[in-house]
Amino acid sequence: MDSILAKIIQRDPEQKEFHQAVQEVMETVRPVLERNPEFRKQAILERIVEPERVIMFRVPWMDDQGQVHVNRGFRVEMNSAIGPYKGGLRFHPSVTLSIIKFLASEQVFKNSLTTLQMGGGKGGADFDPKGRSDAEVMRFCQAFMAELQRHIGPDTDVPAGDIGVGAREIGYLFGMYKKLRNEFTGVLTGKSLAWGGSLIRPEATGYGVVYFAAEMLGTRGETLEGKTCLVSGSGNVAQFTAEKLLELGGKVLTLSDSSGYIFDEEGIDAEKLEHVKDIKNIRRGRIREYCEKYPQAIYVETDPGLDYNPIWTHSADCAMPSATQNEINEKDAQTMINNGVQLVCEGANMPSSPSAVDIFVENHILYGPSKAANAGGVAVSGLEMAQNSMRLKWPREEVDSRLKQIMHCIHTTCVDASAEYGLQGNYAAGANIAGFVNVVNAMLDQGLV
Ligand code: GLU
């Protein structure tokens, strides 16, 4: 296993995030490989870490002043053993092939945990939508889809949103796909309700995170009622995490964006959360604007020189990191433990560094890894695909109850898989083992392809 990892690093030495994701899975599936020596002969590990297909392309587009820009577009089609490639698109200046490969790899195991028929993929571009007009975003999306359209399809590869890609972008992307291919199909998820979207899809990731947190607390006979919670991020995942936490009696103390974070000791209640949605979704503003209306809250600007993330220095019962990868390092994790955090449930993908995860696991706190805890988003994408295939729309209650049921099953699966290998309480190991075994069995059934 070590030599496989060494080879991956040697091949693409700059792909740090991808190595991190691969290493994390490899370490926890070691006992599965020991129990199944035939996996070695089948080179299962080597196959699973190598994307089935990597697409990289030029995205030329024109800004409002007539200046042409060139961005780099990506789609990594990682694994299709259990269904068409499925996973979001990220538009953010930090996007590289390493970031997309790590996300695609996480997506394979996450999608497998949902029990729905979805393989794993991910895509995006190093485009920064911040400060861009609607017209510029539309032209970028159209240029991006002009190339991507030849690689995707409702039974081949079904992209969705991620950081920087929400309802507006999905609309422009869908419009261009439809025009170029002359077909109205469920090729993207996260669509608007009026033209094929599913109820509860916008809420799904955040609601799912909270359902998973409630399941974990349930194993200790506890609930979210009265629990103080640190939530990072202020996008789609953070907003609906906060919304569901409030509904279940939790108290939300923080929210953030890339510029800084707000801390409201009185709690961000439903009315304040509506204001956050207005700032972020309608005005496309910054989280610091919260303090203009609620001056009792404090705003702390991001300081890139710090070796810790100050949002995690506040005392609370629970933390739901919902911003981005590696937002919790070893120091942050130790601070959280010292401050009495008993539960960390991940809304973002891979927000905790490997040493932070070790600290959570060693201290026996309830740690819900992203590939299990945030799988509600892609699960409802799977339900959107099912509804599109039937050309039907399920009511809100039906989608929500299916989401709740799926999160319950993912929780049980993680508990059972960790127990099977004597790793009780280790959700990180449970999620990796269960996700991995499903995909591997499908690959073995389908032969060497
Ligand atoms: N980007 C989301 C994720 O990380 C959703 C993907 C999807 O709905 O396909 O799971």
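Provided above is the structure to which this section pertains.
Residues numbered from 1 in each chain as written. Predicted model: local features only at pLDDT ≥ 70, side-chain atom pairs only at ≥ 80, totals over all residues. Heavy atoms only, no water.

**A short note on the overall build of the protein chain**
Heads up, the rule is: Helix numbers and strand numbers start at the N terminus; a helix is a DSSP run of H or I with at least 4 residues, a strand a run of E with at least 2. Computation of the radius of gyration draws on C-alpha atoms, with the globule rule given as 2.2 Å multiplied by the number of residues to the power 0.38. To sort residues, take the accessible area from a 1.4 Å probe on protein chains only and compare it with the maximum for the residue type: under 20% means buried, over 50% means exposed, and anything in between is partly exposed. Note on definitions: a residue-residue contact is assigned when non-hydrogen atoms from the two residues lie within 4.5 Å. For accessible areas, the Shrake-Rupley method is used with a probe of radius 1.4 Å. Any residue's cover is judged against the shown protein chains and nothing else. Positive charge is attributed to Lys and Arg, negative charge to Asp and Glu, and no charge count is given to His or to the chain ends. Each charge is placed at NZ for Lys, CZ for Arg, CG for Asp and CD for Glu.
Along the protein chain, the regular secondary structure elements total 17 helices and 12 strands. For the protein chain, whose C-alpha radius of gyration is 21 Å, the value lies close to the compact-globule estimate of 22 Å for 449 residues. Structurally, the protein chain occupies a C-alpha span of about 60 × 60 × 45 Å along its principal axes. Considering the protein chain as a whole, with its 449 residues, one finds that 55% of them fall into the buried category. For the protein chain, contacts bridging at least 24 residues in sequence account for 71% of all contacts bridging at least 6. As displayed, the protein chain offers around 18300 Å² of accessible surface, 51% of which is attributable to carbon and sulfur atoms. For the protein chain, the separation between the mean place of its 46 positive charges and that of its 58 negative charges on side chains is 6 Å.

**Considerations on a nonpolar patch on the surface**
This is how it is decided: Excluding any residue in a salt bridge, patches collect residues exceeding 30% relative accessible area, merging like charges within 9 Å and nonpolar Val, Leu, Ile, Met, Phe, Trp and Tyr side chains within 5 Å. Salt bridges are defined as contacts in which a side-chain nitrogen from Lys or Arg sits within 4 Å of a carboxyl oxygen from Asp or Glu.
Together, M62, V68 and V70 line one region of the surface with nonpolar side chains, adding up to about 270 Å² of accessible area. For V68, the position within the fold is in strand β2 (residues 68-79).

**Remarks on the nonpolar core**
The condition is simple: By nonpolar core is meant a set of buried Ala, Val, Leu, Ile, Met, Phe, Trp, Tyr and Cys residues that side-chain atoms within 4.5 Å join together.
By size, the foremost hydrophobic cluster in this structure holds 88 residues, and its most contacted members are F212, L255, M320, L343, C345, I410 and F436. Discounting residues that sit within four places of it in the chain, C345 has contacts with V209, F212, A213, M216, A319, M320, P321, G368 and A373. Within the second largest apolar cluster, 24 residues are counted, among which are L148, I170, F174 and Y177.

**Overview of unusual backbone geometry**
The backbone of H364 shows a phi angle near 55 degrees, a positive value even though the residue is not glycine. Here H364 is to be found in the loop between α13 (354-362) and β12 (366-368). Residue H364 is classed as exposed on the basis of its relative accessible area of 60%. Positive phi is not limited to glycine here, since R391 has a value of about 55 degrees. Among the residues examined, R391 registers a relative accessible area of 67% and is labelled exposed.

**Quick look at the site of the ligand**
Our working definition: One heavy atom suffices: a residue is near a molecule or strand as soon as one of its heavy atoms comes within 4 Å of it. We call two N or O atoms a polar contact when they sit within 3.5 Å, provided that within protein one can donate a hydrogen and the other can accept it, with sequence-adjacent residues counted only if both atoms are side-chain atoms. Under this grouping Gly is polar, as are all residues other than the nonpolar Ala, Val, Leu, Ile, Met, Phe, Trp, Tyr, Cys and Pro and the charged Asp, Glu, Lys and Arg.
For the ligand, the set of nearby residues contains 13 residues, the closest of which are K86, K110, G161, D162 and S381. In the model, an oxygen atom of the ligand is placed 2.7 Å from a nitrogen or oxygen of the K86 side chain. N349 is positioned such that a nitrogen or oxygen atom in its side chain is 3.0 Å from an oxygen atom of the ligand. Notes on the ligand: free accessible area 300 Å², of which the protein chains cover 94%. Secondary-structure elements contributing two or more residues to the shell around the ligand are β3 (85-91), α5 (97-113) and α15 (375-390). Taken together, the residues that form the shell around the ligand break down as two nonpolar, six polar and five charged.

**Focus on the sheet that holds strand β10 (residues 318-320)**
The condition is simple: Pairing between strands is defined by DSSP: at least two bridges between the two strands are required. Angles shown run from 0 to 180 degrees and are taken between the N-to-C directions of axes, each axis being a line fitted to C-alpha atoms and, for helices, limited to the stretch in contact.
Spatially, β9-β8-β7-β6-β10-β11-β12 is the arrangement adopted by the seven strands of the open sheet, whose pairing is mixed. Strands with a single pairing partner mark the edges of an open sheet, and in this sheet they are β9 (298-301) and β12. Between one strand axis and the next, the sheet turns through 15 degrees on average, direction left out of account. In this structure, strand β6 (residues 228-231) lies alongside β10, joined through three bridges in parallel fashion. By the bridge assignment, V231 is partnered in β10 with M320.

**Let's talk about the pairing of β6**
Filter applied, for reference: Handedness of a crossover is defined as follows: with both strands directed away from the viewer, a clockwise route from the first strand across the helix to the second makes it right-handed.
Here β6 runs beside strand β7 (residues 251-257); their pairing, made up of three bridges, is parallel. Its bridge partner being in β7, C229 is matched across the sheet by V252. Handedness of the β-α-β unit built from β6, helix α9 (residues 236-247) and β7 comes out right-handed.

**Details of the sheet that holds β3**
The strand order across the open sheet formed by five strands is β1-β2-β4-β3-β5, and the pairing between neighbours is mixed. Strand pairing shows two members of the sheet lacking a second neighbour, β1 (53-62) and β5 (157-160), which therefore form its edges. Neighbour-to-neighbour, the strand axes of the sheet open up by a mean angle of 20 degrees, direction not taken into account. Summarising the sheet, β2 and strand β4 (residues 120-125) pair through six bridges and their orientation is antiparallel. Across the sheet, V76 pairs through a bridge with K122, a residue of β4. Contacts between α5 and the sheet are confined to β1, β2, β3 and β4, with β4 contributing the most and set at about 150 degrees to the helix.

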